[in-house]
Amino acid sequence: MDLRPDESLVAFREEVRRAIAEDLPADMEARQRAFGGIQSEIGDTLAWTRIMARRGWTVPQWPVEHGGLGWSPMQLFVFQEEQDAAYAPTMSWAGSHMVGPVIYTFGSDEQKARFLPAIRNGEYIWAQGFSEPGNGSDLANLRTQAVLDGDKYIVNGQKIWTSTAYASEWGFFLVRTDPTVKPQRGISFLLIDMKSPGITVRQIPMINDDCELCEVFLDNVEVPAENLVGEPGAGWTYAKFLLDHERTTSSFIFFNKREVQRAKDIAVAEGLARDPVIQARIARLEAEVTALEWSVLRTLAGEDYRYDDTAVASVLKVTGSRLQHAITELQTDLLGAKATRLFAVEADRRDPAPLWPEHVPGRVGAALGQRAATIFGGTLQVQKNIIAKLAFGL
Ligand SMILES: Cc1cc2nc3c(=O)[nH]c(=O)nc-3n(C[C@H](O)[C@H](O)[C@H](O)COP(=O)(O)OP(=O)(O)OC[C@H]3O[C@@H](n4cnc5c(N)ncnc54)[C@H](O)[C@@H]3O)c2cc1C
């Protein structure tokens, strides 16, 4: 297989690089560079999404009939790589990569007309209300109930680890609409206005001093029945479709590439670039990142590329998340005693602490934050189970 990019892709990369350089405000770039995690400040996420919306580049991978540009997976790859390399903020992900494809694939015409343009234009943030206390990996047994009452559902229950729920205008929730059937068959996919009476959101303080994760309590929340996506009881199928999209992009190859380079820069700044032990660690990580990149490219180039029923996405996630741990850990090791200073994430983003050398703030926060990479989107152990089953038939 020839994996060299074709000419059109080279020209495309140039176009994208130029456009990002033109559009990216310097203060946004500085905040993203200083923090350097996989997520951005919500204000920057929304602002950057709206800037990109002017070019139609918020959902370029969507089919044209739903407002996208029909970009190929390779074009999307190049675009995302250029954004990360330029330290552009991450765009609003839950809308463009998660609920959007579910709505245009399974939703009603009214839902498509109402939500797809808003996602494309970056009007607001979405929350993903799947996990519950005790039901994260074991989603099939989720307990949040939605009972149909005339033309509305009455929803009661609790969600947890809901990213950015405190700032989200809408949420897509998995709820139990039929407790009498096999667990997977009784789950439905409901779009809920986060300002609805009966919803309480509580932020959870995190180890890296961030607090983007939330608990969401639903107490007799009334949701119009028209907000149900697709068929009642088919929510499990839609959730699998959505999570498979999420996992395929979870190698975080662009983050890993950029952060290996940053580790090299830190080694130079700390006078450790000639240390053979450090050189060996960097070389090994760089080789692994390159291997991961080629695996992603091979997957994207393969004619049988698809989101379902393969262990490939899980393999990419296992490797990509392990590398996130290793690379950010190396960065903090390189800082030595300076790594004992935890800078507040928000402070890092606003003001890269001028009293410290610029390569120091943000590194410990990123290393602690990236621990989560082997948990979100399906834990390491669950991914390994999937690989065992699908790849080895165990
Ligand atoms: C940063 C972050 C952001 C997140 N954002 C969201 C969000 O926006 N929306 C949302 O719904 N959820 C979100 N989550 C939740 C995430 O999806 C869950 O944490 C994850 O699915 C694991 O579920 P759990 O926490 O209940 O752990 P558990 O499922 O209780 O797992 C605990 C431990 O047991 C292991 N384990 C569980 N089952 C098995 C098994 N069958 N075989 C082997 N080992 C097993 C796990 O690997 C883990 O080590 C987020 C999590 C994090 C960390």
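Since the structure is predicted, the reported quantities are computational estimates derived from the model, not experimental observations. (Residues numbered from 1 in each chain as written. Predicted model: local features only at pLDDT ≥ 70, side-chain atom pairs only at ≥ 80, totals over all residues. Heavy atoms only, no water.)

A closer look at the overall build of the protein
Phase 1: Assigned secondary structure in the protein consists of 13 helices and 7 strands.
Phase 2: In terms of overall size, the protein behaves like a compact globule, its C-alpha atoms giving a radius of gyration of 21 Å where 394 residues would be expected to give roughly 21 Å.
Phase 3: Projected onto its principal axes, the C-alpha positions of the protein cover 70 × 50 × 45 Å.
Phase 4: In the protein, which comprises 394 residues, the proportion classed as buried is 49%.
Phase 5: Between the averaged position of the 41 positive side-chain charges in the protein and that of its 52 negative side-chain charges there is a distance of 4 Å. (Helix = DSSP H or I, 4+ residues; strand = E, 2+ residues; numbered from the N terminus. Rg over C-alpha atoms; globule rule 2.2 N^0.38 Å. Buried < 20%, exposed > 50% of the residue type's maximum accessible area, 1.4 Å probe, protein only. Lys, Arg positive; Asp, Glu negative; His and termini not counted. Charge placed at Lys NZ, Arg CZ, Asp CG, Glu CD.)

Topic: the environment of Val-277
Phase 1: With respect to the helices and strands, Val-277 occurs in helix α9 (residues 276-301).
Phase 2: Overall, the relative accessible area of 57% leaves Val-277 in the exposed class.

Brief notes about the side chain of Lys-159
Phase 1: Looking at the secondary structure, you find Lys-159 in strand β3 (residues 152-160).
Phase 2: By relative accessible area, Lys-159 is classed as buried at 0%.
Phase 3: Within polar-contact distance, the side chain of Lys-159 engages the backbone oxygen of Gly-129 at 3.5 Å.
Phase 4: A distance of 3.0 Å separates a polar atom in the side chain of Lys-159 from the backbone oxygen of Phe-130. (Polar contact = N/O pair within 3.5 Å; in protein donor to acceptor, adjacent residues only side chain to side chain.)

Considerations on the nonpolar core
Phase 1: Counting 29 residues, the largest nonpolar core has Trp-126, Phe-130, Phe-172, Phe-189 and Leu-191 as the members making the most contacts within it.
Phase 2: For this core, the elements supplying multiple residues, two or more each, are α5 (93-106), α6 (109-120), β4 (170-176), β5 (187-193) and α7 (235-248).
Phase 3: No other element matches the 6 residues that α5 contributes to this core.
Phase 4: Those residues in contact with Trp-126 that sit more than four places away from it in its chain are Ala-94, Gly-95, Val-99, Phe-115, Ile-119, Thr-164, Ser-168, Trp-170, Gly-171, Phe-172 and Leu-191. (Core = buried A, V, L, I, M, F, W, Y, C linked by side-chain atoms within 4.5 Å. Contact = heavy atoms within 4.5 Å.)

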